[in-house]
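Structural overview for review
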Amino acid sequence: MNRENQLQAFERLLNIMDELREQCPWDKKQTLQTLRHLTIEETYELGDAILDNDLDEVKKELGDLLLHIVFYAKIGSETNDFDIADVCNEICEKLIHRHPHIYGDVKVENEEEVKQNWEKLKLKEGKKSVLEGVPRSLPALVKASRIQDKVKGVGFDWEEPHQVWDKVQEELQELQEEVKSGNQDKIEDEFGDVLFSMINYARFLNVNPEDALERTNKKFIKRFQYLESKANELGKPLMDMTLTEMDVFWNEAKKL
């Protein structure tokens, strides 16, 4: 599709948004606040489609997310705070400013130098901390990944993977010591340290911990539902089966 067709499609969406905002009772009632939780839900649905590698679904979910962006911009235009042009121009200016190796005379050797320059530029823009860009409402596992990625950008990082693994072992040992002590608050604290260090180790292995855990979730769900289906075929509720009986079907599911 050429650029003219792309622009026409985007203009069509903007026109439809104008019509819905003016004529549809539901669309007329929406605010930035009422759309927020729906946008988060749409983002997770896009994430699911990406993990499933369902490109047709990715296309649909991107459309849903784009609609939300247009919706927010429409609401902003009604109060004369911003419109879709402001949104587009703002990100364009940011991209140009944050890529001096493309739009300026800065030289970079690799991706890592690009990320380091990015964090330095953000601090020059007035941010007091490299961690300001980490949303407070992010899920804890994702937040930990972003925190570690951010501080790496300014050189606060381990040098070798084995150092990170040693830290994981150290945190596991500290957790076991607190488990023996029975202090629940300290157990939770040390368990958090173990998770944080494991997420750090994942980064050194080039593994996205969120994606890895979600793959395991999907795998577990698939195997457990196989177990449920087999129990249903036998006409025997799972709660009436022994763990040994369940284990037979679980191992069958692992082979599928």
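Identification of the chain as Nucleoside triphosphate pyrophosphohydrolase from Flavobacterium fluviale is taken from an unreviewed UniProt entry. The chain has a UniProt comment under Sequence similarities (unreviewed entry) that states "Belongs to the nucleoside triphosphate pyrophosphohydrolase family." If you open the UniProt record of the chain and go to Catalytic activity (unreviewed entry), you find "ATP + H2O = AMP + diphosphate + H(+)".

Next up on the list: the layout of surface pockets. As a volume, the largest pocket reaches approximately 930 Å³. Taken together, 32 residues make up the lining of the largest pocket; nearest its centre are Val142, Arg146, Asn208, Glu210 and Asp211. Put simply, the parts of the chain that give the lining of the largest pocket at least two residues each are α3 (32–51), α7 (111–124), α8 (140–152), α10 (184–204) and α11 (209–234). Examining the composition of the lining of the largest pocket, we find that 9 residues originate from one element, α3, more than from any other. Across the lining of the largest pocket, the residue classes break down as 12 nonpolar, 8 polar and 12 charged. Shared between two domains, the lining of the largest pocket holds at least three residues of each, these being domain 1 (3–98) and domain 2 (129–207).

The subject of this paragraph is unusual backbone geometry. Positioned with a positive phi, Asn53 is a non-glycine residue whose angle comes to about 55 degrees. Relative to the assigned elements, Asn53 resides in the loop between α3 and α4 (55–78). On the basis of relative accessible area, Asn53 is assigned to the exposed category, the value being 58%. Here Asn206, not a glycine, exhibits a phi torsion of approximately 60 degrees, which is positive. Within the secondary structure, Asn206 sits in the loop between α10 and α11.

A word on the environment of Gln30. Mapped onto the elements, Gln30 comes out in the loop between α2 (25–29) and α3. Judged by its relative accessible area of 8%, Gln30 falls in the buried class. Once the C-alpha coordinates of Gln30 and Ile75 are considered, the two residues, 45 residues apart in sequence, prove to be 8.5 Å apart. Here Thr34 takes part through its side chain, which lies 2.9 Å from a polar atom of the side chain of Gln30.

Definitions and cut-offs
Residues numbered from 1 in each chain as written. Predicted model: local features only at pLDDT ≥ 70, side-chain atom pairs only at ≥ 80, totals over all residues. Heavy atoms only, no water. UniProt positions renumbered as here; feature names shortened; annotations may be inferred. 1 Å grid on protein atoms, 1.4 Å probe; cavity = no way out; pocket = protein on both sides within 12 Å on 5 of 7 lines; lining within 4 Å. Points joined across faces, edges and corners; volume = space filled by probe spheres on them. Helix = DSSP H or I, 4+ residues; strand = E, 2+ residues; numbered from the N terminus. Nonpolar A, V, L, I, M, F, W, Y, C, P; charged D, E, K, R; others polar. Domains from an automatic or database assignment. Buried < 20%, exposed > 50% of the residue type's maximum accessible area, 1.4 Å probe, protein only. Polar contact = N/O pair within 3.5 Å; in protein donor to acceptor, adjacent residues only side chain to side chain.

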